[in-house]
Amino acid sequence: MKDLKKIKNKWKAQFELKIDATTSQIWELISSPSNLELFHPFCKSNKVIIWPGEKSIDELVYLNGLTYMREFYSWEKLKGYSLFIGEKGKEQSYVVWEIFDKNESNFLKITVYPYFLRNMPKLISYLPYKIIVIPALESYLRSVIGGINYYLTTKNKTPKNYFGYHKWFS
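Residues numbered from 1 in each chain as written. Predicted model: local features only at pLDDT ≥ 70, side-chain atom pairs only at ≥ 80, totals over all residues. Heavy atoms only, no water.

> In this structure, what is going on with the pairing of strand β5 (residues 80-86)? I would like to understand it.
For a regular strand, side chains alternate in direction, first toward one face of the sheet and then toward the other. The element β5 is extensively covered by neighbouring structure, given that seven of its seven residues are classed as buried. Neither face of β5 is exposed, since Gly80, Ser82, Phe84 and Gly86 on one face and Tyr81, Leu83 and Ile85 on the opposite face are all buried. When strand β4 (residues 67-76) meets β5, the two strands line up antiparallel, connected through seven bridges. Looking across to β5, one finds that Glu76 is bridged to Gly80. Between β4 and β5, which pair antiparallel in sequence order, lie three residues; one of them, Leu78, sits at a positive phi of approximately 70 degrees. Judged from the six bridges that link them, β5 and strand β6 (residues 93-102) form a sheet pairing that is antiparallel. Residue pairing for β6: Phe84 is matched across the bridge by Tyr94. (Buried < 20%, exposed > 50% of the residue type's maximum accessible area, 1.4 Å probe, protein only. Helix = DSSP H or I, 4+ residues; strand = E, 2+ residues; numbered from the N terminus. Pairing = 2+ DSSP bridges.)

Below, the structure is given as structure tokens:
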């Protein structure tokens, strides 16, 4: 079992956005099989291996061909889930998706605890994270959550690279 306390004590990137939908609509979308194909602007395909629930596994192929496995760790209906994501057999990042309300509005927040330099002291990993990793991940998360809001408000699939090109995934 992975040590979540140790993982959460390292660097993280997160983004949250007010979503123009009900909690049920948000949950229905993010918990549906192959959901990334509907809203993820950098997703080429999202193949289900096991679905739904805590032991779910799916495969995400990005527009640039990079292939990641998502292995779900927790799953709480109408609240969110957590998962590990990375290339098969390699290091994985820990990701938390949370639906919550604030000021009578619904929000979605995604937090990523990247694997990159995870085993290095924070002092050594500080500059790479502050200059490269966190800004790139925040841009990525802004696009993913923006894609969710786009899909829920228009009922159309989010176009590829809709919020701009991403150097890691496009």
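> I keep staring at the sheet that holds β5 and nothing clicks. Help me out?
What holds strands together in a sheet is hydrogen bonding between their backbones, with the strands either parallel or antiparallel. Here we have seven strands laid out as an open sheet, ordered β1-β7-β6-β5-β4-β3-β2, and antiparallel in their pairing. The sheet is open, and its two edges are formed by β1 (13-19) and β2 (43-50), each paired on a single side. In this sheet, adjacent strand axes meet at a mean angle of 20 degrees when their direction is disregarded. Both β2 and strand β3 (residues 57-62) contribute to a ladder of six bridges, which runs antiparallel. Among the inter-strand pairings, Cys43 is bridged to a residue of β3, identified as Tyr62. (Axes fitted to C-alpha atoms, helices over the stretch in contact; angles between N-to-C directions.)

Honestly, that's just the spatial picture; any functional story needs more than this.
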